[in-house]
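Examination of the molecular architecture
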Amino acid sequence: MMSQEIPYKIYLSEEEMPKQWYNVRADMKNKPAPLLNPATHEPMTLAELEHVFCTELAKQELDDTTPYFDIPDEILGFYRMYRPSPLVRAYCLEKKLDTPAKIYYKFEGNNTSGSHKLNSAIAQAYYAKQQGLKGVTTETGAGQWGTALSMACSYFDLDCKVYMVKCSYEQKPFRREVMRTYGASVTPSPSMDTEVGRKILAEHPGTTGSLGCAISEAVEAATSTEGYRYVLGSVLSQVLLHQTVIGLETKAALDKYDITPDIIIGCAGGGSNLGGLVSPFIGEMLRGEKKYQVIAVEPASCPSLTRGKYAYDFCDTGKVCPLAKMYTLGSGFIPSPNHAGGLRYHGMSSVLSQLYDDGLMEARSVEQTAVFKAAEQFARVEGILPAPESSHAIKVAIDEAMKCKETGEEKTIVFGLTGTGYFDMYAYESFHDGTMKDYIPTDEDLQPGFDSLPKM
Ligand SMILES: *Cc1c(COP(=O)(O)O)cnc(C)c1O
């Protein structure tokens, strides 16, 4: 098909939306390592996981063999409020870059939470409701996950308790108010509400908190309150499973026009959007059907894939969660406070970690001023004001398109545009004012994090 016949936006119809999620673990010969009980170092059983997570979600977490899961009708109904999401041909960006590359992006920012996180939030809230629970607890850093979960909980009339990293709570009052609009209660973390919060505050008075600490508080709140469970917005295999709706739609849209991508790019925090985008494509690679270049992009300030160790680690500061084998900087790693936006978690999804270790995916780290430069370049021609997280993928997509300009290759590049950046204007401001700094940790800076890895 001639390229000019490809529309600016490929929309699937609602009927063409995927009706199942795809579990890439079923096609992996080397399965991701199991979650371990932090006390016994034995694989977590369903009975143990059920104590913390909703039962159906715990089953999804442990399932390495079922290739497809039906998406329940209630979730499909909710998806139809904002899906299918468009696959956009970045004609304007291509023209501006004067590249022979063909660039596409899957835009997940068209909902109030402003990101892809709603895809999993609604699934997790649904299973909590099915189980007859009263509510769920969670943590949020930049605030997108907390917003998505509060929307999902209000839809199913569930109580939602969010522990928000204290520095974000103070810096992003509007995020907080969006969550409260949807009925969530928002507590700055560390708080005096939980034992682990009180302990952390006693040891580090004046701390502005971290994701790992907020996770510990949310888990404690869930496990000590009748009728509550804990839910997590990334990293876990169940979250990656729900996010495959992104990749399945992308693939269906590309197939409609006989387009085969050469390069697929996504930003990587805990790995859920990237895993969701690339799973169907990596599945083809695992089955020996196709070959793609898959690139994970992470901040140079929090380089878990490019400089981390592949080891069992704690998922949270309070060490109450199961141990996960992943590329990690160590749960003791303190991310730089001047790094904007998310992507600051110390570890990476164990599914993506294994795929990366097996050479099915590569990883690049990028510095934040270069990321904001790419964000601005993109916004000026494509119109969308991207989230800082998403802009990591934009940066590498532009880099690859510029390589094509040099070599004359007409590669097809697909990247995930995970969300919008309207709540990140302080970061944009510091970029425009020239006060934004790049921070690359030295090996000495990373050492304390590695020293915090559990001795197995
Ligand atoms: C949370 C978030 C990310 C990173 O999380 P992953 O689990 O790695 O996908 C990326 N982009 C946006 C907009 C987010 O909100």
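Throughout, a residue's number is its position along its own chain's written sequence, starting from 1. Local features are withheld for residues below a pLDDT of 70 in this predicted model, meaning they are given only at 70 or higher, and side-chain atom pairs are given and counted only at 80 or more; totals for whole chains, interfaces and linings count all residues.

Now for the overall build of the protein chain. Check the secondary structure of the protein chain and you find 19 helices and 15 strands. Here the C-alpha atoms of the protein chain give a radius of gyration of 21 Å, agreeing with the 23 Å that 2.2 N^0.38 yields for 456 residues. Reported as C-alpha extents along the three principal axes, the dimensions of the protein chain are approximately 60 × 50 × 45 Å. Within the protein chain, the fraction of its 456 residues that count as buried is 56%. Strands are runs of DSSP state E lasting at least 2 residues, helices are runs of H or I lasting at least 4, and numbering of each runs from the N terminus. Taken over C-alpha atoms, the radius of gyration is set against a globule rule of 2.2 Å times the number of residues to the power 0.38. Residue burial is a threshold on neighbouring C-beta atoms within 10 Å of the residue's own C-beta, all placed from the backbone, with 20 or more meaning buried, 12 or fewer meaning exposed, and counts in between meaning partly exposed.

For the rest of this paragraph, the subject is the environment of Gln293. Following the sequence through the fold, Gln293 ends up in strand S11 (residues 293-299). Given 14 C-beta atoms within 10 Å, Gln293 falls into the partly exposed group. Measuring from C-alpha to C-alpha, the distance between Gln293 and Ser237 comes to 22 Å, with 56 residues separating the pair along the chain. Not counting the four nearest positions on each side in its chain, Gln293 is found in contact with Asp262 and Ile263. In this description, any two residues whose backbone-derived C-beta atoms lie within 7 Å of each other are considered to be in contact.

To continue, consider the domain arrangement of the protein chain. For the protein chain, the assigned domains are domain 1 (3-19 + 72-114 + 238-451) and domain 2 (118-233). These domain limits were set by an automatic method or by a database of domain assignments. For domain 1 versus domain 2, the separation of C-alpha centres amounts to 24 Å. Looking at the side of domain 1 that touches domain 2, the elements that each hand over two or more residues are helix H3 (73-79), helix H11 (237-242) and helix H12 (244-256). Per-element tally for the side of domain 1 that touches domain 2: the top contributor is H3, with 3 residues. Residues belonging to the side of domain 1 that touches domain 2 are distributed by class as follows: 12 nonpolar, 14 polar and 3 charged. Residue classes follow a fixed rule: Ala, Val, Leu, Ile, Met, Phe, Trp, Tyr, Cys and Pro count as nonpolar, while Asp, Glu, Lys and Arg count as charged, and any other residue, Gly among them, counts as polar.

A pair of strands counts as paired when DSSP detects no fewer than two bridges linking them. Read across the open sheet, the 7 strands follow the order S1-S4-S5-S15-S10-S11-S14; overall the sheet is mixed. One side of each edge strand has no neighbouring strand; the edge strands of this open sheet are strand S1 (9-10) and strand S14 (362-366). An axis is simply a line fitted to the C-alpha atoms; with a helix, the fit covers only the stretch in contact. Between two such axes, the angle follows the N-to-C directions and lies from 0 to 180 degrees. Across the sheet, helix H13 (residues 272-286) lies against strand S5 (102-107), strand S10 (263-267), S11 and strand S15 (412-417), angled at about 160° from S10, the strand it touches most.

For the rest of this paragraph, the subject is the sheet that holds strand S6 (residues 135-140). Read across the open sheet, the 4 strands follow the order S8-S7-S6-S9; overall the sheet is parallel. Both outer strands of the open sheet, strand S8 (185-189) and strand S9 (228-230), are each paired with one neighbouring strand and no more. Pairwise comparison of adjacent strand axes, ignoring direction, gives a mean angle of 25° for this sheet. Relative to strand S7 (residues 159-165), S6 is paired through 6 bridges, and the arrangement is parallel. Residue pairing across strands places Thr137 opposite Lys161, the latter belonging to S7.

Placing the C-beta atom from the backbone, one calls a residue near a molecule or strand if that atom lies within 6 Å of it. Around the ligand, 19 residues are found, and the nearest of them are Ser234, Gly269, Asn273, Glu389 and Gly419. Looking at the shell around the ligand, the elements that each hand over two or more residues are H13 and helix H17 (388-407). Residue contributions to the shell around the ligand peak at 3 residues, all from H13. For the shell around the ligand, the residue count by class is 5 nonpolar, 12 polar and 2 charged.

Multiply 1.5 Å by the residue count of a helix minus one, and that product is the helix's expected span. Its 13 residues give H12 an end-to-end C-alpha distance of 18 Å, which sits within 8% of 18 Å, the value for a rise of 1.5 Å per residue. In terms of burial, H12 is largely enclosed, as 10 of its 13 residues are buried. All of the buried residues in H12 are Thr244, Val245, Ile246, Gly247, Leu248, Glu249, Thr250, Lys251, Ala253 and Leu254. Among the residues trailing H12, Asp258 stands out with phi positive, at a value near 55°.

Counting residues in hydrophobic clusters, the biggest one holds 129 residues, and the most contacted among them are Ala125, Val136, Ile265 and Ala397. Looking at which domains feed residues into this core, each of domain 1 (3-19 + 72-114 + 238-451) and domain 2 (118-233) gives three or more. The contacts of Ala125, once residues within four sequence positions are left out, are Val136, Leu149, Ala152, Cys153, Tyr155, Phe156 and Leu158. Nonpolar core, as used here: buried Ala, Val, Leu, Ile, Met, Phe, Trp, Tyr and Cys residues forming one set through C-beta atoms within 7 Å.

With that out of the way, let us pick up helix H10 (residues 211-223). Taking 1.5 Å per residue, 13 residues should reach 18 Å; H10 reaches 18 Å between its end C-alpha atoms and fits that length. Extensive coverage of H10 is indicated by the burial of 12 of its 13 residues. Looking at the packing, one finds that the buried side of H10 touches helix H1 (46-52), S6, S7, S8, helix H9 (195-203) and S9.

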